[in-house]
Amino acid sequence: MNHTESCWNPNSTLQENTLALVFCQSETQTFDDLRKMSSLGLINFAVDRYHYLVDTISDPRVSSWPLMDSPIPTLAMVVTYLYVAVFFGPRLMANRKPFKLNNLLVIYNAAQVLFSATMLWEHLMSGWLLDYSYKCQPVDYSHNPTAMRMANLCWWYYISKLTEFVDTMFFVLRKKDNQISLLHLYHHSLTPIETWICVKFLAGGHGTFSNLINNIVHVIMYFYYMMSAMGPEYQKYLWWKKHLTTIQLAQFTLVFFHSLQVLVFDCSYPKLVAALLLVHSTIFFALFFDFYQQAYKRNQRPQANGKIEMNGKVEANGKHEMNGKPMLNGKHEMNGKPLLNGKHEMNGKLLMNGKSLMNGKPELNGNNNNYLNGNHEMNGRLTMNGKPVMNGMNGKYEMNGKYEMNGKYEMNGKMELNHNNNRELNHNKVD
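Because the structure is predicted, anything quoted here is derived from the model rather than measured.

Here we take up the state of the cysteines. Taken as a whole and judged by the stated rule, the model has 1 disulfide. Disulfide partner of Cys-136: Cys-267, at an S-S distance of 1.6 Å. One disulfide, between Cys-136 and Cys-267, carries an S-S torsion of 85° and so falls in the right-handed class. Here the residue Cys-136 occupies a position in the loop between helix H5 (102-128) and helix H6 (145-163), and Cys-267 occupies one in the loop between helix H10 (242-264) and helix H11 (271-297), the gap between them amounting to 131 residues. Comparing Cys-136 with Cys-267, the two get one shared label, buried. Here Cys-154 stays free of any disulfide, with the sulfur of Cys-198 as its closest cysteine sulfur at 4.2 Å. Residue classification places Cys-154 among the buried positions, given a relative accessible area of 2%. Since its relative accessible area comes to 16%, Cys-198 is described here as buried.

Turning to the nonpolar core, a few remarks are in order. In globular proteins that are soluble, nonpolar side chains generally tend to be buried together. In this structure, Met-68, Trp-155, Tyr-158, Val-199, Leu-202 and Tyr-269 are the most contacted members of the largest nonpolar core, which totals 45 residues. Secondary structure elements with two or more residues in this core: helix H3 (39-55), helix H4 (72-92), H5, H6, helix H7 (165-173), helix H8 (182-201), helix H9 (209-229) and H11. With 9 residues, the single largest contributor to this core is H6. Judged by nonpolar contacts, the second largest core, of 13 residues, contains Met-221, Tyr-222, Tyr-224 and Met-227.

Empty space among the atoms becomes visible once a probe the size of a water molecule is rolled across them. Applying the stated rule across the entire model yields 2 cavities of 30 Å³ or more. Estimates place the volume of the second largest cavity at around 40 Å³. Looking at the second largest cavity, the residues that line it are Gln-112, Ser-116, Met-119, Tyr-157, Ser-160, Lys-161, Glu-164, Asn-214, Asn-215, His-218 and Tyr-222. Elements represented by at least two residues in the lining of the second largest cavity include exactly H5, H6 and H9. Grouping the amino acids of the lining of the second largest cavity by side-chain chemistry returns 3 nonpolar, 6 polar and 2 charged.

Further remarks concern the UniProt feature "transmembrane region" (unreviewed entry) in the chain. UniProt's entry tags residues 70-89, 209-225, 246-265 and 271-292 with the feature "transmembrane region" (unreviewed entry), counted in the numbering of this structure. Each end of residues 70-89 is marked by a C-alpha atom, and these two atoms are 28 Å apart; helix forms 90% of the span and strand 0%. Regarding residues 271-292, the helix share stands at 100% and the strand share at 0%, and the terminal C-alpha atoms are separated by 31 Å.

Right, let's get into a nonpolar patch on the surface. A cluster of nonpolar residues, Tyr-83, Val-86, Phe-87, Phe-88 and Leu-92, forms a patch on the protein surface that exposes about 470 Å² of accessible area. Here Val-86 is to be found in helix H4. Residue classification places Val-86 among the partly exposed residues on the basis of a relative accessible area of 38%.

Let us look at the packing of aromatic side chains. Within this structure, the stated rule accounts for 22 aromatic pairs. A cation over an aromatic ring shows up here: Lys-135 above the ring of Phe-265, its NZ or CZ 4.4 Å from the ring centre.

On to the environment of Leu-120, then. By the element assignment, Leu-120 lies in helix H5. When near neighbours in sequence (up to four residues on either side) are disregarded, Leu-120 contacts Leu-212, Asn-215 and Ile-216.

Moving on: the environment of Gly-207. By the element assignment, Gly-207 lies in the loop between H8 and H9. A C-alpha to C-alpha distance of 8.0 Å links Gly-207 and Leu-277, two positions 70 residues apart in sequence.

Each pair of packed helices can be summarised by the angle the axes make with each other and by the distance between the axes. Viewed as axis vectors pointing N to C, H5 and H9 meet at an angle of 160°, and their least axial separation amounts to 8 Å. As summarised for this structure, H5 and H9 are arranged roughly antiparallel, according to the angle between their axes. Every pair of crossing elements has a handedness; the one defined by H5 and H9 is left-handed. The residue inventory of the contact of H5 with H9, partitioned by class, reads 19 nonpolar, 8 polar and no charged.

It is worth spelling out the side chain of His-218 at this point. The residue His-218 is located in helix H9 in this model. The buried category is assigned to His-218, whose relative accessible area is 4%. When residues no more than four places from it in sequence are discounted, the contact partners of His-218 are Ser-116, Lys-161, Glu-164 and Phe-223.

Right, let's talk about H10 for a bit. The end-to-end C-alpha distance of H10 is 34 Å, a good match for the 33 Å that 23 residues give at a rise of 1.5 Å each. Buried residues of H10: Leu-244, Thr-245, Gln-248, Leu-249, Gln-251, Phe-252, Val-255, His-258, Ser-259, Gln-261 and Val-262, and no others. Tucked into the core, H10 has its buried residues touching H5, H9 and H11.

The subject of this paragraph is the confidence of the model for the chain. Across the chain, the average pLDDT comes to 75, with 60% of residues at 70 or higher. This stretch, residues 416-431, has a pLDDT under 50; its non-local contacts, to residues over four places away or in other chains, come to 24 contacts.

Before going further, it helps to examine H9. Taking 1.5 Å as the rise per residue, H9 with 21 residues should run 30 Å; its terminal C-alpha atoms sit 31 Å apart, in good agreement. Extensive coverage of H9 is indicated by the burial of 15 of its 21 residues. Count one or two residues on from H9 and you reach Gly-231, which has phi positive near 125°.

Time to look at the packing of H7 against H8. Two numbers describe how H7 lies on H8: the axes approach to 10 Å, and their chain directions differ by 150°. On the basis of the axis angle, H7 is roughly antiparallel to H8. Pair H7 / H8 crosses with left-handed handedness. Residues Phe-165, Asp-167, Thr-168 and Phe-171 of H7 lie in contact with H8, whose contacting residues are His-184, His-188 and Pro-192. Looking at side-chain class alone, the contact of H7 with H8 contains 3 nonpolar, 3 polar and 1 charged residues.

About the cut-offs
- Residues numbered from 1 in each chain as written.
- Predicted model: local features only at pLDDT ≥ 70, side-chain atom pairs only at ≥ 80, totals over all residues.
- Heavy atoms only, no water.
- Disulfide = S-S within 2.5 Å.
- Helix = DSSP H or I, 4+ residues; strand = E, 2+ residues; numbered from the N terminus.
- Buried < 20%, exposed > 50% of the residue type's maximum accessible area, 1.4 Å probe, protein only.
- Core = buried A, V, L, I, M, F, W, Y, C linked by side-chain atoms within 4.5 Å.
- 1 Å grid on protein atoms, 1.4 Å probe; cavity = no way out; pocket = protein on both sides within 12 Å on 5 of 7 lines; lining within 4 Å.
- Points joined across faces, edges and corners; volume = space filled by probe spheres on them.
- Nonpolar A, V, L, I, M, F, W, Y, C, P; charged D, E, K, R; others polar.
- UniProt positions renumbered as here; feature names shortened; annotations may be inferred.
- Patch = residues over 30% accessible without salt bridge, like charges linked within 9 Å, V, L, I, M, F, W, Y side chains within 5 Å.
- Areas by Shrake-Rupley, 256 points an atom, 1.4 Å probe, with all protein chains shown as cover.
- Salt bridge = Lys/Arg side-chain N within 4 Å of Asp/Glu carboxyl O.
- Phe/Tyr/Trp six-rings, centres within 6.5 Å; stacked < 30°, edge-to-face > 60°.
- Lys NZ or Arg CZ within 6 Å of the ring centre and 35° of its normal.
- Contact = heavy atoms within 4.5 Å.
- Axes fitted to C-alpha atoms, helices over the stretch in contact; angles between N-to-C directions.
- Parallel < 35°, antiparallel > 145°, perpendicular 65-115°, else oblique.
- Left-handed = near helix turned anticlockwise from the far one by under 90°.
- Expected span 1.5 Å × (residues − 1).
- pLDDT = per-residue confidence, 0-100.

So, in structure tokens, the structure goes:
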């Protein structure tokens with residue numbers, strides 16, 4: 001048996017130490033020899049091990065599939081994605097208005113819902129509904145139809161992760177830079193690499209459970225995004241937004257405990273891969289939990305002594321309070337009436353001693369015109385130009401109980417000149 005056969009048995013369903021074969025010692029080359037190598041020798045060794053890994057112990061069924069020959073194209077796409085998302089895109093949009101892409105977003109998210117739903121169905125039909133064991137499921141490297149169906153599905157799942165780069169491009173074009181977080185970039189750049197490895201070496205088996213759960217989550221998530229892009233009239237149906245993150249946290253919890261079984265029970269599935277899935281789930285759970293805390297928990301209004309605080313102001317019984325006094329619409333309130341500058345206000349007018357004020361002058365009977373042009377009220381009577389007016393009628397002044405018009409007194413509706421009792425009959429003007 002040669003060196004390759006001693007490290008890998010192609011007739012076996014899966015060797016438990018698959019990835020460890022990269023460092024399998026040959027008859028002529030030991031780790032002691034590696035320590036004695038020059039830098040050039042180490043580079044040559046790394047290249048040799050790379051070709052051994054990619055060409056020898058990878059799944060031969062997928063070697064001729066698109067993008068499966070080498071990881072270089074996938075890595076190049078990830079690097080290009082990060083450059084556009086972090087540097088090129090924001091600079092390109094710096095002096096441009098954000099694009100309105102609602103119709104395009106509806107179409108894109110609807111397509112992602114259908115794509116995820118189709119892959120969900122295929123995961124169930126390829127094994128997870130009836131054939132696969134949820135406790136331990138080795139990879140089937142045979143060419144039987146069910147095994148090939150699962151391998152083909154793993155490749156489409158990998159392609160779906162490349163299509164999700166478009167999520168970030170929409171954020172860039174719409175100038176939603178706050179959405180391009182560390183969590184977002186980490187997730188969208190790591191998953192294409194992980195899924196490429198899955199297809200190249202482990203196209204099926206225990207690890208595809210995480211793909212199944214992810215498809216369920218994406219059906220729900222992209223359906224939410226589709227409705228959100230359909231316009232404000234649909235916002236009332238999106239009350240469950242924060243539960244999206246809860247569903248994602250449940251996803252990583254399920255994957256964690258499902259992968260943990262491989263380390264606990266005897267299973268013909270690589271324990272190293274299962275351990276990496278545990279680390280992967282833990283990192284994503286921590287990142288999504290931190291996002292959940294920042295987005296929903298920390299934005300809740302804190303309470304003190306039964307009063308709710310909003311924007312730094314205490315609110316009691318639905319009204320803001322500042323300096324211990326209730327406030328309504330930014331104004332102090334006393335006895336149920338708003339206060340402005342220490343004076344009561346009702347219907348937008350200041351009150352002093354129960355009467356409305358405008359420009360600091362009282363108003364009688366709610367007649368705004370009484371205090372226009374400098375008119376105000378004195379001793380219960382209106383005044384005009386400093387003289388009392390009775391009932392505000394016809395703009396006539398009152399002096400000593402008599403009306404005055406145009407400098408002449410009037411008694412019983414007739415004019416009087418120079419305070420004489422000679423009356424003007426029939427309202428004839430006195431010369």
